[in-house]
Amino acid sequence: MLSRLFISNYALIEHLEIDFNGGFTVVTGETGAGKSILLGALSLLLGGKADSKAVRDAEHKIIVEATFDITGYGLDGYFNDNDIDYCETECIIRREVSAAGRSRAFVNDTPVGLGVLKDITTRLIDIHSQHSNMLLAKSGFQLDILDGLAHNDQLLDDYEAVYRRCVELNRDIEARKKQIAQNKAEEDYITFQLEQFHEINLHENEDEELEALQNKLSNITELKDALWTVDNILGSEENSVIDQLKTVGQRLSFTEEVMEETRGMSQRVADCIIDLKDIVMSVSQAQENLNLDPAELDRINERLDTIYSLERKHNVGSVNELIALQHQLEEKLASITKGDDEIAELVAEYDKKKAESMSLARCLSDARRKAATSFAHELKPLVAGLGMKNVAFEVAFTETEMTSTGIDAVEFMMAFNKNQALMPVKDTASGGEISRVMLCIKSIVARSMHLPTIIFDEVDTGVSGDIASMIGEMMAHIAQSIQVMSITHLPQVAACASSHIKVFKSDNDQGTFTSVTGLDQEQHVMEIARMLSGKGLDEAAINNAKSLINQYVKV
């Protein structure tokens, strides 16, 4: 619901702010007062072309801002998909146009492109005039009407869920086929690579172990010399380090008998001797094990050369990375082997879901066709009552491939004259006719669908009397479910409104300005009296206005 409109520096409007109520609001004013200017400003919010000629003062920019109550519109998913801040109750949309013609749009202070702006505002406002129709000609909207009348909400949800799964499965099947075809083209090469890996038979950290052993065998002479020196110093038969420490221990033991300061030192030396003896034994064992085997060193070098060559081939830096690559190749080969089975499983599930989708799509189609028949019976007398007594109407169905909405393409077919062939409504109706048809359609579906605010721009042009009254009453009926606004010259329509806004011009030293004001009940009566009688107001016109208003209230 449109709750507030702010316009600044647009055409004859210097500064204007209007608060709107729900229900049925009429906008009236003398010809040329600027009612069309309000719609021009609103068209900017609908993504219309920004014309710099509409800038009133070149030193300032045009600002058009609307506040909507979006409770129940279910726009959270769309807002999140487009990274727009979302509030479940309120949405503020703003369009700015500079004197140079540069335009910017914002939704909840988030900058958006015109495409996003249009997507959002066409869900919030629907403007109908003699020259434009934003929804009725769209097949998607026509399908929505039938689904709303058929109460297909749950059926549509069920169908869409199964259909989405079909689309996912089909995408998975195609991707899997492509991957398997690519893998099969590489199957021989993968097999060859794995044969190399299996022949080499790597184990984890093998390169590190071999490099350590290679380093050891390559330096065996130096290692042996170092170990012999250690063994000779620590454990030689004469004057070894161990023998000298024994002497140290004996001397310390003597001092401990008379000196408190040295107590325990002899034991510490004894512990050192034990550790050194253990080292001597380990060194001796290492010497015995340190044997130079040229064949073993050659084997290690050859093994490392093989590993390094494989690492270079596969552009990796370690045996562990080679082993990981081997596992990947094994999985790839296994995937090729069982790929046909996987595809068969996916195809089986796809066929099952497709059959389920088709069954639900048939149910949708049947419900829509039944709703279309009832809709046609209900619509024709309403349209005939608005001065189009020779109207003919039916909904044409064409079966299509399954889409996200089912298997139906629909077209509203109408004829307004006797013996005229039925044609798509967008091709056969005039601006006034199509607007009145939409009025009748909205009257039928308003109770079943969550529709946007609808604005009728002089759709009652060319009618009068009882037809004008019927149009007003129909608008008021629709307004029981959604917000309705009508720009009208007809007092019969204005009398049916729950809110009344008047557009007028005023002059001062700076120029001519368009302004608006909300009318109270007394002003509402006086404005309708003016519409009935013209410029001159008399008691008779005022009484006629009151009678007209009371007549609708009683209805």
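Please refer to the structure placed before this passage.
Please read all numbers here as calculations on a predicted model, not as lab measurements.

Draft legend 1. The arrangement of the pattern of salt bridges in detail. Under the criterion given, the structure shown has 19 salt bridges. Residue glutamate 349 is joined to arginine 165 by a salt bridge in which the shortest nitrogen-to-oxygen separation is 3.1 Å. You can see glutamate 349 sitting in helix H12 (residues 319-384) and its partner arginine 165 sitting in helix H5 (residues 153-185), a full 184 residues away along the chain. Relative accessible area serves as the criterion here: at 30%, glutamate 349 is assigned to the partly exposed category. Salt bridges sharing partners connect three or more residues here, namely Arg4, Glu17, Lys61, Glu65, Arg94, Glu96, Arg104 and Asp109.

Draft legend 2. Here's a closer look at the environment of tyrosine 552. Residue placement: tyrosine 552 occurs in helix H18 (residues 539-554). The class for tyrosine 552 is partly exposed, based on a relative accessible area of 24%. Along the sequence, tyrosine 552 and glutamate 473 sit 79 residues apart, while their C-alpha atoms lie 7.6 Å from each other. Residues contacting tyrosine 552, with those up to four places away along its chain left out, are Glu473, Ala476, Ala495 and Cys496.

Draft legend 3. How the structure looks around the pairing of strand E3 (residues 24-28). Among the 5 residues in E3, 5 count as buried, and that is most of the element. Neither face of E3 is open: one carries Phe24, Val26 and Thr28, the other Thr25 and Val27, and all of them are buried. As paired strands, E3 and strand E13 (residues 484-487) are joined by 4 bridges and run parallel to one another. For valine 26, the partnering residue across the bridge sits in E13 and is serine 486. As judged from the 4 bridges shared by E3 and strand E14 (residues 499-508), these two strands associate in the parallel manner. Residue pairing in the sheet places valine 27 in a bridge with isoleucine 501 of E14.

Draft legend 4. Quick peek at a negative patch on the surface. On the surface, Asp293, Asp298, Glu302 and Asp305 cluster together to form a negatively charged patch. By secondary structure assignment, the location of aspartate 298 is in helix H11 (residues 294-314).

Draft legend 5. Geometry of the nonpolar core. Core analysis: the biggest nonpolar cluster contains 63 residues, and Phe24, Phe375, Val395, Phe412, Ile441, Met475 and Val484 have the highest contact counts within it. With near-sequence residues (within four places) excluded, methionine 475 lies in contact with Phe24, Leu439, Phe456, Val459, Val484, Ser486 and Val493. One finds Leu38, Ala41, Val55 and Ala105 within the second-largest nonpolar core, a separate group that totals 49 residues.

Draft legend 6. Representation of helix H10 (residues 265-289) in the model. For H10, spanning 25 residues, the distance from its first C-alpha to its last is 36 Å, which sits close to the expected 36 Å at 1.5 Å a residue. All of the buried residues along H10 are Ser266, Val269, Ile273, Leu276, Val280 and Val283.

Draft legend 7. Layout of the pairing of strand E5 (residues 90-97). Extensive coverage of E5 is indicated by the burial of 6 of its 8 residues. Here E5 hands over to strand E6 (residues 103-107) after 5 residues, with glycine 101 in that stretch at a positive phi of 95°.

Draft legend 8. Region of the structure containing the sheet that holds strand E4 (residues 62-69). An order of E2-E1-E4-E5-E6-E7 is seen for the 6 strands of this open sheet, with the pairing classed as antiparallel. Of all the strands in the sheet, just strand E2 (13-19) and strand E7 (110-112) have a single pairing partner and so form its edges. Taking each pair of neighbouring strands and ignoring which way they run, the sheet shows an average axis angle of 15°. Across 6 bridges, strand E1 (residues 2-10) lies against E4 in antiparallel orientation. Bridging across to E4, isoleucine 7 finds its partner in valine 64. Strand contacts of helix H1 (residues 35-45): E1, E2, E4 and E5, with the helix running at about 100° to E1, the strand carrying the most contacts.

Draft legend 9. Representation of the state of the cysteines in the model. With the rule as written, the count across this model stands at 0 disulfides. Cysteine 87 takes part in no disulfide bond, and the closest cysteine sulfur, belonging to cysteine 91, lies 9.0 Å away. For cysteine 87, a relative accessible area of 33% corresponds to the partly exposed category. With no disulfide of its own, cysteine 496 has cysteine 440 as its nearest cysteine by sulfur position, at a separation of 15 Å. Looking at cysteine 496, the relative accessible area reads 6%, which means it is buried.

Draft legend 10. Here's a closer look at the packing of helix H6 (residues 187-200) against H11. Two numbers describe how H6 lies on H11: the axes approach to 12 Å, and their chain directions differ by 155°. Taken together, the axes of H6 and H11 are roughly antiparallel relative to one another. As for how H6 packs across H11, the hand of that crossing is left-handed. Taken together, the residues of H11 that come into contact with H6 (itself represented by Tyr189, Phe192, Gln193, Gln196, Phe197 and Ile200) are Arg303, Thr306, Leu310, Lys313 and His314. Each residue belonging to the contact of H6 with H11 can be placed in one class, and the counts come to 5 nonpolar, 4 polar and 2 charged.

The rules behind these values
- Residues numbered from 1 in each chain as written.
- Predicted model: local features only at pLDDT ≥ 70, side-chain atom pairs only at ≥ 80, totals over all residues.
- Heavy atoms only, no water.
- Salt bridge = Lys/Arg side-chain N within 4 Å of Asp/Glu carboxyl O.
- Helix = DSSP H or I, 4+ residues; strand = E, 2+ residues; numbered from the N terminus.
- Buried < 20%, exposed > 50% of the residue type's maximum accessible area, 1.4 Å probe, protein only.
- Contact = heavy atoms within 4.5 Å.
- Pairing = 2+ DSSP bridges.
- Patch = residues over 30% accessible without salt bridge, like charges linked within 9 Å, V, L, I, M, F, W, Y side chains within 5 Å.
- Areas by Shrake-Rupley, 256 points an atom, 1.4 Å probe, with all protein chains shown as cover.
- Lys, Arg positive; Asp, Glu negative; His and termini not counted.
- Charge placed at Lys NZ, Arg CZ, Asp CG, Glu CD.
- Core = buried A, V, L, I, M, F, W, Y, C linked by side-chain atoms within 4.5 Å.
- Expected span 1.5 Å × (residues − 1).
- Axes fitted to C-alpha atoms, helices over the stretch in contact; angles between N-to-C directions.
- Disulfide = S-S within 2.5 Å.
- Parallel < 35°, antiparallel > 145°, perpendicular 65-115°, else oblique.
- Left-handed = near helix turned anticlockwise from the far one by under 90°.
- Nonpolar A, V, L, I, M, F, W, Y, C, P; charged D, E, K, R; others polar.

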